[in-house]
Amino acid sequence: MSNLNEPVKTYPKTFSHIGITVPDIEAAVKFYTEVLGFYVIMEPTLVKEENETAIGQMCIDVFGEGWETFKIAHLSTGDKIGFEIFEFNESKELKPNFEPFRSGLFHFSIQDPDVEGLVKKIVDAGGKQRMPIREYYPGEKPYRMCYVEDPFGTVFEIYSHSYELHYSQGAYK
């Protein structure tokens, strides 16, 4: 900013990626590629705690010291949103708690016009359907949604149509 008196122009940013932690990275990559159709950018890779490389330094900055090693994989959705999967040694025993009333991230959402088919695939792969499939505009528009869990306890939502269509005027009739 060259002039402090100039107004700041705000514009919408794009979403780059989300990171989740799982107890078994190979099983998670299999689930997210075979069930959700994400594609692999980087296969599961071991990262070591060290100061000699940029990734080692960055991970110490983020995670602190004492983690020794972890595995990471990078996937992508059909619309090019990154999906990072982490497996830490501590991940084996720590399951996520569903706490939607606590501040912070409590879910992400996937879009698929076949909500019913995707929910079935998720359940068949060891995941969980958390609610019945619901309609936003019953009898008017085919907008459907459902909350589910992956086999590792991560909660996410499935939408049949885009976010903007789901929340257009009248969504909460």
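Owing to the predicted nature of the structure, the values given are computational and were not obtained by experimental measurement.

A.B. asks: Hey, could you go over helix 3 (residues 115-124) for me, with residue numbers and the actual values?
C.D. replies: Those residues of helix 3 that sit buried are Val115, Leu118, Val119 and Ile122. Taken end-on, helix 3 shows its buried residues confined to a sector of 100°, consistent with a single buried face. Structural note: helix 3 exposes Lys120 and Asp124 on the side pointing more than 90 degrees away from its buried face. Lining the buried residues of helix 3 we find helix 1 (25-34), strand 5 (108-111), strand 6 (128-129), strand 8 (144-149) and strand 9 (155-159). Two residues or fewer past helix 3, glycine 126 is found with a positive phi of approximately 100°.

A.B. asks: Could you give an account of a nonpolar patch on the surface, with specific residues and numbers?
C.D. replies: On the surface, Ile55, Met58, Val62 and Phe63 cluster together to form a nonpolar patch covering roughly 360 Å² of accessible area. Position of methionine 58 relative to the elements: it lies in helix 2 (residues 54-63). The class of methionine 58 is partly exposed, set by a relative accessible area of 41%.

A.B. asks: Run through the packing of aromatic side chains, naming residues and quoting values.
C.D. replies: The full count for this structure, using the stated rule, is 24 aromatic pairs. Where phenylalanine 31 meets tyrosine 32, the ring centres are 5.0 Å apart and the plane angle is 90°; that geometry is what we call edge-to-face. Accessibility assignment for this pair places phenylalanine 31 and tyrosine 32 in one class, buried. Taken together, the ring pairs connect Phe31, Tyr32, Phe38, Phe83, Phe108, Phe152 and Phe156 into an aromatic cluster. A cation sits over an aromatic face here: lysine 13 above tyrosine 11, 3.7 Å from the ring centre. Above the plane of the ring of tyrosine 137 lies lysine 141, whose end atom (NZ or CZ) is 4.6 Å from the centre.

The rules behind these values
Residues numbered from 1 in each chain as written. Predicted model: local features only at pLDDT ≥ 70, side-chain atom pairs only at ≥ 80, totals over all residues. Heavy atoms only, no water. Buried < 20%, exposed > 50% of the residue type's maximum accessible area, 1.4 Å probe, protein only. Helix = DSSP H or I, 4+ residues; strand = E, 2+ residues; numbered from the N terminus. Arc of directions from axis to C-beta. Contact = heavy atoms within 4.5 Å. Patch = residues over 30% accessible without salt bridge, like charges linked within 9 Å, V, L, I, M, F, W, Y side chains within 5 Å. Areas by Shrake-Rupley, 256 points an atom, 1.4 Å probe, with all protein chains shown as cover. Salt bridge = Lys/Arg side-chain N within 4 Å of Asp/Glu carboxyl O. Phe/Tyr/Trp six-rings, centres within 6.5 Å; stacked < 30°, edge-to-face > 60°. Lys NZ or Arg CZ within 6 Å of the ring centre and 35° of its normal.

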